[in-house]
Amino acid sequence: MIADTTIIANRSNYVDFTLPYTESGVSMLVPVKPNGSKNAWSFLKPLTWDLWVTTFLFFLFIGFVVWALEHRISKDFRGPPSHQVGTSLWFSFSTMVFAHRENVVSNLARTVVIIWCLVVLIITQSYTASFTSLLTVQRLQPTAADMNELLRKGDFVGYQDVSFVFGLLKRLGFRDDRLVPYKNSEHCNSLFNQGKIVAAFDEVPYIKLFLAKHCSKYMMTDPTYKADGFGFVFPKGSPLVVDISRAILNVTEGDKMTKIEEAWFGKKDRCPESTTSTVSSGGQLGLNSFWSLFMIAGVAAVLALCIFTVQFVYEYRKLMSPQVDDDSQSKPSFWGRLLNLLKTFDNKDLECHTFRGDRVGDQNEVRLASLNVMSPSVYSVHTEFPVDSTQTLSPSMGSSSELHDNTIAQEVAIISIDLHPDSDGEGLVATANDEITRH
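In the annotation of an unreviewed UniProt entry, the entry for the protein chain reads Ionotropic glutamate receptor C-terminal domain-containing protein, and the organism field reads Linum tenue. In the Subcellular location (unreviewed entry) part of its UniProt record, the protein chain is described as follows: "Membrane".

Written out as structure tokens, the structure is:
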């Protein structure tokens, strides 16, 4: 009887195997190195570049949509062009920390902002969790990613001497001059330390036994090429095969096999470094994880912008109708009508409740401006009447030249008469203001 032998099809032609008593397979053993992600730009690593770019573009897009919806009805989104651009950008990016203070009046804009704040909340919380894990959890990455990388670079790999793994590696495409045999686990560790091999291929039970001693320096990576497992070998037709197989079943069905594995390989949590996840681009948060959120926010913003555009064009549809111009007696062009519509969009919506107080003032300014153009609206007549301090000012008093020579202290009453339009704008009202000064 021979023990500790891998059951493969080629060997079964010459000997009989018992049932396997442990799982087996061929896997790759590689050294590990600490992940060098803690640097000055590590804050960019939790998100992929496509997610960074998409988020930045959506900040600009949401800022434009909110500006378009609020420009005519909110005082915060009006002013010089540079102020409007700055306010839109500030409002959009401030939603990232929920510090926006501009007053949002439109219900459409409020809907867009609510949905966008939900998207920003999910992204920021996910970024915080990923960045925290990146800085606090110890991560290791293999020096060789997979077998294809070894084949492409032509690196040296090790295998256990006098093992079927040699034939497997040759079938996978490795050249004979790139295969280095080793006798035992200590010899394998020495080859790694000397830099003679980059990776080693061995059966899974042997790799587990190796990691039980050197778990902080190496790790087992995929893929694993399956085998039937370890079994006992007997000559062809041996009657002991059935009895030994039955005894193996009695051991593997209970917890005895688990205790045996813990005795030889150690407990699974004894060396957590060997099972530390590797860091790759797949560990970052990518656009594929959040594309549905961006789609919902984008559809809501576009829909709100379309509804606003339809309402605005319908309200001012007369500006787009090809009517004859009174001055030139010709129909304005399409671009001319569109320009008039854009000018109307840039004006305040005086029908909105936010500008009701301004509407009365604007109407008065327009009426006074029209009176100033048609005729003089204000007339001032200044007349000086010298009077004695003990007398009452009256029109029957003498002329100012006669009273000017009087040596008695006099008082001069200055009467200012202002003529201005009445409340109906149909007549003039005279207002006299008198001021007493002493000369």
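With 22 residues, helix H1 (residues 49-70) should cover 32 Å at 1.5 Å per step; its first-to-last C-alpha distance of 32 Å lies within 8% of that length. Packing partners of the buried residues in H1 comprise helix H2 (81-94), helix H3 (107-136), helix H10 (291-315) and helix H11 (334-346).

Let us now look at the packing of aromatic side chains. In this structure the tally under the stated criterion is 23 aromatic pairs. Ring centres of Trp52 and Tyr127 lie 6.0 Å apart, and the angle between their planes is 75°; this geometry places the pair in the edge-to-face category. Of this pair, Trp52 sits in helix H1 while Tyr127 sits in helix H3, and the two are 75 residues apart along the sequence. Of the residues examined, Tyr127 reaches a relative accessible area of 19% and is grouped as buried. Judged by centre distance (5.0 Å) and plane angle (50°), the rings of Phe58 and Phe294 are tilted.

In this structure, Val162 takes a positive phi of about 55° despite not being glycine. Topologically, Val162 is positioned in the loop between strand E5 (157-160) and helix H5 (165-172). Judged by its relative accessible area of 78%, Val162 falls in the exposed class.

Turning to a nonpolar patch on the surface, a few remarks are in order. A grouping of Val53, Phe56, Leu57, Leu60, Val85 and Leu89 is seen on the molecular surface, where their side chains present a nonpolar patch of about 510 Å² in accessible area. Elements with a contribution of two residues or more to the nonpolar patch: H1 and H2. Examining the composition of the nonpolar patch, we find that four residues originate from one element, H1, more than from any other. Relative to the helices and strands, Val53 resides in helix H1. Here Val53 falls in the partly exposed class, since its relative accessible area comes to 45%.

What counts and how
- Along each chain, residue indices are assigned from 1 in the same order as the chain's sequence is written.
- Only residues with pLDDT of 70 or above have their local features reported here, since the model is predicted, and side-chain atom pairs are shown and tallied only from 80 upward, although totals for entire chains, interfaces and linings are computed over all residues.
- Excluded from the side-chain calculation are hydrogens and water; included are all heavy atoms of the structure.
- UniProt positions are given in the numbering used here, feature names are shortened, and annotations may be inferred rather than shown by experiment.
- Secondary structure elements follow DSSP: runs of H or I no shorter than four residues count as helices, runs of E no shorter than two count as strands, and numbering proceeds from the N terminus.
- Expected span of a helix, by definition, is 1.5 Å for each gap between consecutive residues, and there is one gap fewer than residues.
- Throughout, a contact is declared for two residues whenever any of their heavy atoms are within 4.5 Å.
- Aromatic contacts are taken between Phe, Tyr and Trp rings whose centres are within 6.5 Å, Trp giving its six-membered ring; a plane angle under 30 degrees counts as stacked, one over 60 as edge-to-face, and the others as tilted.
- Relative accessibility under 20% of the residue-type maximum defines a buried residue, over 50% an exposed one, and the middle range a partly exposed one, all with a 1.4 Å probe and only protein chains included.
- Here a patch means residues that are over 30% exposed by relative accessible area and free of salt bridges, tied together within 9 Å if like-charged and within 5 Å if nonpolar (Val, Leu, Ile, Met, Phe, Trp, Tyr).
- To measure how exposed things are, a 1.4 Å probe is used in the Shrake-Rupley method; for residues, cover is taken only from the protein chains shown.
- Basic side-chain nitrogens of Lys or Arg form a salt bridge, by our definition, when they fall within 4 Å of a carboxyl oxygen of Asp or Glu.

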